[in-house]
Structure formats: C-alpha cells, structure tokens
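Structure at a glance
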Amino acid sequence: MLREEDTVILFDRRNDVEQQARLIGYEALDCAITSSPIGNANVTVALLRPMSENAQRCATTATSLGSRSGRPSFVKLLDRFYIPKAGDPVISALFFQLIAERYEELAAIDVNRQTAEILLRAALKESPSCDGPRKVLDFGCGTGCAVGALMALGHDGRNVELIGTDLCESMLSIAKGRGEAVVPLTEWRAIPGGDFVAAISCFVLHYGVPADDLACIAQQLKPGGIFSANLFKGDEAKLAQLTSTLSMADLDLIWNEQLITTPDTYNRHLLFKKRNGREVS
C-alpha cells in the first residue's frame, strides 16, 4: 500500500479517518476496511500524504490527535505507520499480519536484537535457579530476534530453553524457521503455572497487551521469576498503569532505567519480580 516515500499508513477502528488525517497534517489518498485476525473486528487502513502548506495554514485544530479533541493520540512507528498510542491488540494483530514479510526491512533490527540481549541478560541474572534447562518465555517474539540475542550471550545463555509466542501467526512461522521453539498464543495461554524462570517482551508493550495476558505471564512464572520488558514511546502514566496491572498479578517493579539502545526516545527497561508468597495454581 506504500506508494511514495513521503506517504504513511494510519490504522484505526473509528470511521472519521479523513478528519483524523487532517489533524496530524496529512490528507487521505486511499482507505480500506480490513478484518483483524482478532475477533474479525473491522479496522480502517488509510494511505496518507502530507498536506500542502496552504491546507495546513487553514487547519484550525492541533496537529497532534487528542490535544484538543479529547481523542486518543497516535504514535508513529517504523517511520511509516500511525497506530493509536493507547495500544489496541486488534489493530496490532492486523498491523503485524500485513507487514510480517517486510518487518525486518522496516524495523531497526540491530536495535531490536541489542535490546533483546539486554532484556535476556537481566532476566537470567535475576531469575531463580532450577534443575534442568532454564525455560524463558519470549512474549511477542515477532520474527525471533531473541534467538540471535541469546546466542550473543555466550556462556551466560547456556542451558536456556527459549519459547516464543506471538499474536501474528506469520511472524511466528518466521521465528520458528529461525530456530526458536514457538507456541501459538491460544496454546500458550494454557501452559501450566510456574513453568518459566523468566519472561522477556521486546518492543511489545506499547502495542497494547490485554491485562489477562499480562496476568498469564505472571501466573506462568515460578516464584521469584523475572519479567524483563521495555516500554517504548510511553510515558509516566502508561508506566504507572502497567505497574499497577502487574502488581495485581503479583509482579513487583524492581528496576526502571532508560535503555541505551534508544537514548533519544522514551524506552524504559523494566524488571518485575514475582512474589514468593502465593502458591502457583
């Protein structure tokens, strides 16, 4: 759908896409309504181009969605796509389904891999010891960049069994081809509690993760287990909401630091530790 270098694509579930495009300084060239893999919900996908200077001067609303209208704002990702800043798994599922084959061309894969390495290293350092392989969940594994990150850990990554899951089946297939053990999201939700010493989630949380899935991550960790994740292009309000949601699932925030892989963008490395006081069901 991308036709020109300066065009972008906007994803949203509301119907007034042309108005929304004007509010962020674009005009709509083409629109299509597409069904998301989640719940067959409809999503509007619009191809946009920058408005002319004259049209921008005529605009009377703010250039950032939500600053005056009270609507949720959008965040620009991979330099070409706008999705709701609040995060919406329905939109995220469609987004990744459409770009799966080109994801590694569009994304800064080296940054992803370096970030995954930081998340893995911290998770393994802080997680409890166990007999046998140390099982680590790769939640939102995408195309499997954590496989290379684990290899880069060398001796520190020994005896680790990395298991990935993702809402996008196309990406899951790519990760499997890369050598990562993968489980479809519906099957992952049924994994017994206390199965993992750690979990990572690399460049995932900002797309919107349902509270039930966050609780499932927590439930599947062993007591003392670690959830190592990054919150990209977020803010303190989103961090507080995430921390509160995970706290209710027995995960306490023990680390919060800006990631060096993206020094100029809000990207917090977060470590959560599972409390020992509750029996795993």
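Residues numbered from 1 in each chain as written. Predicted model: local features only at pLDDT ≥ 70, side-chain atom pairs only at ≥ 80, totals over all residues. Heavy atoms only, no water.

This brings us to the nonpolar core. One broad trend across soluble globular proteins is that nonpolar side chains are buried collectively. In this structure, Phe11, Phe96, Leu120 and Val136 are the most contacted members of the largest nonpolar core, which totals 46 residues. Discounting chain neighbours no more than four positions away, the residues touching Phe11 are Val43, Thr44, Val45, Phe74, Phe81, Tyr82, Ile83, Pro84, Ile91, Leu94, Phe95 and Leu98. (Core = buried A, V, L, I, M, F, W, Y, C linked by side-chain atoms within 4.5 Å. Buried < 20%, exposed > 50% of the residue type's maximum accessible area, 1.4 Å probe, protein only. Contact = heavy atoms within 4.5 Å.)

When pLDDT is averaged along the protein, the result is 90, and 90% of the positions lie at 70 or above. For the stretch residues 60-72, pLDDT sits under 50, and the model shows 23 contacts to residues farther than four places along the chain or on other chains. (pLDDT = per-residue confidence, 0-100.)

As summarised here, the arrangement of the five strands in space is S2-S3-S1-S5-S4, forming an open sheet in which the pairing is mixed. The open sheet has two edge strands with one neighbour each: strand S2 (26-35) and strand S4 (74-77). On average, each strand axis in the sheet is inclined to that of its neighbour by 25°, with strand direction left out of account. In this sheet, strand S3 (residues 42-50) lies alongside strand S1 (residues 8-12) in antiparallel orientation, the contact comprising five bridges. (Pairing = 2+ DSSP bridges. Helix = DSSP H or I, 4+ residues; strand = E, 2+ residues; numbered from the N terminus. Axes fitted to C-alpha atoms, helices over the stretch in contact; angles between N-to-C directions.)

To continue, consider helix H10 (residues 236-248). Here H10 contains 13 residues, and its C-alpha end-to-end distance of 18 Å stays within 8% of the 18 Å for a straight helix at 1.5 Å per residue. Looking at H10, one finds that the buried residues are Lys238, Leu239, Leu242 and Leu246. The buried side chains of H10 occupy one side of the element, clustering within an arc of 100° when seen end-on. Relative to its buried face, H10 has exposed residues pointing more than 90 degrees away, namely Glu236, Ala237, Gln241 and Met248. Each element contacted by the buried residues of H10 is listed here: helix H9 (211-220), strand S10 (221-232), strand S11 (251-258) and strand S12 (267-274). For H10, the side-chain oxygen to backbone nitrogen distance between the N-cap and Ala237 is 3.1 Å, and the N-cap itself is Asp235. Asp250, located one to two residues past H10, shows a positive phi value of around 75°. (Expected span 1.5 Å × (residues − 1). Arc of directions from axis to C-beta. Polar contact = N/O pair within 3.5 Å; in protein donor to acceptor, adjacent residues only side chain to side chain.)

Here we take up the packing of aromatic side chains. With the rule as written, the count across this model stands at 11 aromatic pairs. Where Phe96 meets Tyr207, the ring centres are 4.8 Å apart and the plane angle is 70°; that geometry is what we call edge-to-face. Placement of Phe96 in helix H3 (residues 89-99) and of Tyr207 in the loop between strand S9 (196-201) and H9 is noted, with a sequence separation of 111 residues between them. Through successive ring pairs, a cluster of aromatic residues spans Phe11, Phe81, Phe95, Phe96, Tyr103 and Tyr207. (Phe/Tyr/Trp six-rings, centres within 6.5 Å; stacked < 30°, edge-to-face > 60°.)

The next subject is the environment of Gln114. Within the secondary structure layout, Gln114 lies in helix H5 (residues 109-126). Once the C-alpha coordinates of Gln114 and Ala152 are considered, the two residues, 38 residues apart in sequence, prove to be 9.2 Å apart.

Here we come to the pattern of salt bridges. Tallying each qualifying case throughout the model produces 13 salt bridges. In this structure, Glu27 and Arg49 form a salt bridge, with 2.7 Å as the shortest nitrogen-oxygen distance. One end of the pair, Glu27, is in strand S2; the other, Arg49, is in strand S3, with 22 residues separating them in the sequence. For Asp156, the salt bridge goes to Arg121, with nearest N and O atoms at 3.0 Å. A residue pair is termed long-range when its members are at least 10 positions apart, and Asp156 in the loop between helix H6 (145-152) and strand S7 (160-165) and Arg121 in helix H5 qualify at 35 residues. Residues joined by salt bridges that share partners form a network here, namely Glu117, Arg121 and Asp156. (Salt bridge = Lys/Arg side-chain N within 4 Å of Asp/Glu carboxyl O.)

Another aspect to go through is H5. Its 18 residues place the ends of H5 26 Å apart at the C-alpha level, agreeing with the 26 Å of an ideal helix rising 1.5 Å per residue. Those residues of H5 not exposed but buried are Ile109, Asn112, Thr115, Ala116, Leu119, Leu120, Ala122, Ala123 and Leu124.

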